[in-house]
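Structural characterization, general
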Amino acid sequence: MNLTGPAKKRSLTPLVLVLLCCLAPVVAAFLVYSNPQWWPDQSSNYGTLVEPQRPMPGPDALQLTTLEGAPFDLNSLKGKWLLVSAGEAACPESCARQLFITRNSHASQGKNVDRLARVWFITDDGQVPEKVLQAYQGTIMLRAKPEQLARFLLPAEAPPRPASPSADSPVRSVSLSQAVSPADPSALAAAQALSGPIWVIDPLGNLMLQFPPEADGVRVRKDISKLVYNSRIG
């Protein structure tokens, strides 16, 4: 005779509670990341948040080619944090400084280094100097039409305007005007406006952060380190 009676079914409630406790931090982090307006005002970010975030355009809206002339879809880089700069192929000192900052910011991420990639958009058809190719190996170098690139990277409410040549930068003015047809002033204006900042695109493909021209490399690196360390995406 069975004196113990039928075995009681075990409740799944404890298991569900444990699962919810494990998922809660991930969901909370994603929600806060996706809503910059919830970020604390006392945040010490050096870069400026792009609001609203802008998604990567498709290959029709942003026509890119590799240095070898092969088509390239920027969306193929989703899943990584992208450190982005743009400039003319000749890559004067200001351009080399941007590439140096993005390279060093990338290399300093330790165990997270594989979560990032570097992209340099070249806004003309000029030849990239061999010393630049050698110094910045690992940077994804893509040729882009400056007007298309500006629609993605630059604020819509502040379209680029043609800049007057300055007396202290004759080489830059000449090289840009030679690279972009004078018959297309909008392309020249876009190329000039794109040549200053550094941008960050998140692993979901959203343009989300912009650093100013002549950015402080140390502060850029610190911002990127905080982003990657605190993010659970990418």
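Our subject is the structure that appears above.
So, here is what we can say about the structure in this document. (Residues numbered from 1 in each chain as written. Predicted model: local features only at pLDDT ≥ 70, side-chain atom pairs only at ≥ 80, totals over all residues. Heavy atoms only, no water.)

Secondary structure assignment for the protein chain yields seven helices and eight strands. Taken over 234 residues, the protein chain has a buried fraction of 39%. A total accessible area of about 13,600 Å² is found for the protein chain, and carbon and sulfur atoms account for 59% of it. (Helix = DSSP H or I, 4+ residues; strand = E, 2+ residues; numbered from the N terminus. Buried < 20%, exposed > 50% of the residue type's maximum accessible area, 1.4 Å probe, protein only. Areas by Shrake-Rupley, 256 points an atom, 1.4 Å probe, with all protein chains shown as cover.)

This part takes up unusual backbone geometry. Working note: non-glycine residues mostly have negative phi, and peptide bonds are mostly trans. Note the cis peptide between Glu-51 and Pro-52, where omega equals -10°. Following the sequence through the fold, Pro-52 ends up in strand E1 (residues 48-55). The backbone of Cys-91 shows a phi angle near 50°, a positive value even though the residue is not glycine. Here Cys-91 is to be found in the loop between strand E4 (81-87) and helix H2 (93-107). Judged by relative accessible area, Cys-91 falls into the buried class, the value being 8%. A positive phi angle, near 55°, is found at Glu-214, a position not held by glycine. Turning to its location among the elements, Glu-214 is positioned in the loop between strand E8 (206-211) and helix H7 (217-230). Here Glu-214 falls in the exposed class, since its relative accessible area comes to 60%.

As used in these notes, a disulfide is a covalent bond between sulfur atoms, one from each of two cysteines. Enumeration over the complete set of coordinates arrives at one disulfide. Covalently, Cys-91 is tied to Cys-95 through a disulfide, its sulfur atoms 2.2 Å apart. Between Cys-91 and Cys-95 the sulfur-sulfur dihedral comes to about -90°; the bridge is accordingly left-handed. Distance from the sulfur of Cys-21, which forms no disulfide, to the nearest cysteine sulfur (Cys-22) is 6.9 Å. (Disulfide = S-S within 2.5 Å.)

In this section: the nonpolar core. Judged by nonpolar contacts, the single largest core of 24 residues is most densely connected at Leu-74, Leu-82, Phe-121 and Leu-153. For this core, the secondary-structure elements that each account for two or more residues are E4, strand E5 (116-122), strand E6 (140-144), helix H4 (146-153), helix H6 (185-194) and strand E7 (198-201). The dominant element in this core, judged by the number of residues it contributes, is H4, at four residues. Counting 16 residues, the second largest nonpolar core, distinct from the first, contains Trp-81, Ile-101, Ala-215 and Leu-227. (Core = buried A, V, L, I, M, F, W, Y, C linked by side-chain atoms within 4.5 Å.)

Before going further, it helps to spend a moment on the side chain of Arg-115. Tracing the backbone shows Arg-115 in the loop between H2 and E5. Buried within the structure, Arg-115 lacks any salt-bridge partner; its nearest side chain of opposite charge belongs to Asp-114, at an N-O separation of 9.7 Å. When near neighbours in sequence (up to four residues on either side) are disregarded, Arg-115 contacts Lys-80, Trp-81, Val-228, Ser-231, Ile-233 and Gly-234. (Lys, Arg positive; Asp, Glu negative; His and termini not counted. Salt bridge = Lys/Arg side-chain N within 4 Å of Asp/Glu carboxyl O. Contact = heavy atoms within 4.5 Å.)

Another point: the packing of H4 against H6. Viewed as axis vectors pointing N to C, H4 and H6 meet at an angle of 50°, and their least axial separation amounts to 8 Å. Classified by the interaxial angle, the pair formed by H4 and H6 is oblique. Seen along the crossing, H4 lies across H6 with a hand that is left-handed. Residues Pro-146, Glu-147, Leu-149, Ala-150 and Leu-153 of H4 touch H6, and the partners they reach there are Ser-186, Ala-187, Ala-190, Ala-191 and Leu-194. (Axes fitted to C-alpha atoms, helices over the stretch in contact; angles between N-to-C directions. Parallel < 35°, antiparallel > 145°, perpendicular 65-115°, else oblique. Left-handed = near helix turned anticlockwise from the far one by under 90°.)

What follows is about the pairing of E8. For E8, the buried fraction is high: five of the six residues fall into the buried class. As paired strands, E1 and E8 are joined by four bridges and run antiparallel to one another. Paired with Arg-54 across the two strands is Leu-207, which belongs to E8. When E7 meets E8, the two strands line up antiparallel, connected through four bridges. Looking at the pairing, Trp-199 lines up with Gln-210 of E8. Connecting the antiparallel pair E7 and E8 is a turn made up of four residues, with Gly-205 showing a positive phi of about 95°. (Pairing = 2+ DSSP bridges.)

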